[in-house]
Amino acid sequence: MKQLITLNQLISKYLMILIIGFSCIAYIVPSYFSWAIAYTPFLLGIAMFGMGLTIKFEDLCSILRHPKDICIGVLAQYTIMPLLAWGICHIFTLPPDLAIGVILVGCCPGGTASNVITYIAKGDVPLSVGMTITSTLIAPIVTPLLILYIGGTWVNVALLPMIITMVKVIIVPILLGAIIQYVCKSRINTITSISPIVSMIAIILLIAAIIAINRDKLLISGLETLIVVGIHNILGMLLGLGVGYILKLRYDKTTALAIEVGMQNSGLAVTLAATNFALNPLATLVGAIFSVWHNISGAIFAMLRRENSLRNI
């Protein structure tokens, strides 16, 4: 048990380095990881199952105790990032492949990495977890509708298949994980000590697979995609901060809100791109680069907020 906990802590601590390292290997030797693209929905399902295992009764109570803060966060999540995606696509006049990739990222719920980053930043972790759970559970309806409304300008969007995909890779794994967490309370520590490791490996493998199959396209569109992704992510966090300041939320709540808004479930964006937008292969590249970038920017943002928080004590 101690060894598993130690391994989990090590992978969590060096996740950003592992993602970058395996992405580099995938770029140099794509055959090592290209096979995994066929298992994209399965890999994301594993990550979502791991999230379900962490959902406790106390987390649900936290949502009920702080509905106002969580509603503010979820509303900001589903307005700021989609609108930024729409604006960026128009300002940069992106081609359809990249445009739908940016829109997919913008319309997805918050990523689970935001909870870890919020903890590092000394933000309100229960609020972050509550926002992630809430935005994820409503995503099978909200995300496809946003993509249809915003992305329909660039590509043909099939609503029902997208909803079905999201139910399969989000709702089913999360519910299964939550049920196991509830039923196996006495042995849940053993399960939860393993699941984060498996989830993180799944995400690393998913990103590496995307890099591997898009190796040649990275040379052509990699820099442009990175710039667009960076702008999208940074503006999202800054506008999240702005919402917190305007509404006069506490420092820790504002920190959680900014991180939750800026850090998306880019793994879901990759899955949606791979399964529902196969005619736009570059769309998966946006989600993969976002996965690498937002861990870097999130870590830097967390350190800045943490230092400022400690100075104000």
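Residues numbered from 1 in each chain as written. Predicted model: local features only at pLDDT ≥ 70, side-chain atom pairs only at ≥ 80, totals over all residues. Heavy atoms only, no water.

Here's the deal with unusual backbone geometry
What counts, and what does not: A run of H or I in DSSP becomes a helix once it reaches four residues, and a run of E becomes a strand once it reaches two; helices and strands are each numbered from the N terminus.
A positive phi angle is found at Thr93, which is not glycine, with a value near 40 degrees. Locating Thr93 in the fold gives a position in the loop between helix 5 (67-91) and helix 6 (96-107). Although it is not a glycine, Lys122 sits at a positive phi angle of roughly 60 degrees. In this structure, Lys122 sits in the loop between helix 7 (113-120) and helix 8 (125-137).

Some points on a nonpolar patch on the surface
Short version of the rule: Residues forming no salt bridge and having over 30% relative accessible area are the ones grouped into patches, like charges within 9 Å of each other and nonpolar side chains (Val, Leu, Ile, Met, Phe, Trp, Tyr) within 5 Å. Here the open area of atoms and residues is found with the Shrake-Rupley method and a 1.4 Å probe, where only the protein chains shown may cover a residue. Salt bridges, as used here, are contacts in which a Lys or Arg side-chain nitrogen is within 4 Å of a carboxyl oxygen on Asp or Glu. The classification of residues rests on relative accessible area computed with a 1.4 Å probe and restricted to protein chains. Under 20% of the type maximum is buried, over 50% is exposed, and intermediate values are partly exposed.
Side chains of Ile91, Phe92, Leu223, Leu226 and Ile227 sit close together on the surface and give an oily, nonpolar patch of about 490 Å² of accessible area. In terms of residue count, helix 12 (residues 215-246) provides more of the nonpolar patch than any other element does, three residues in total. For Leu223, the position within the fold is in helix 12. Judged by its relative accessible area of 60%, Leu223 is exposed.

Considering the pattern of salt bridges
Within this structure, the stated rule accounts for four salt bridges. Here Asp124 makes a salt bridge to Lys253, at a shortest N to O gap of 3.2 Å. Linking Asp124 in the loop between helix 7 and helix 8 with Lys253 in helix 13 (residues 251-262), this pair joins segments that are 129 residues apart in sequence.

Concerning the environment of Gln181
Residue placement: Gln181 occurs in helix 10 (residues 159-183). With relative accessibility at 11%, the residue Gln181 sits in the buried group. Distance in space between the C-alpha atoms of Gln181 and Leu53 is 5.2 Å, their sequence separation being 128 residues.

The values reported here are purely geometric and, on their own, carry no functional implication.
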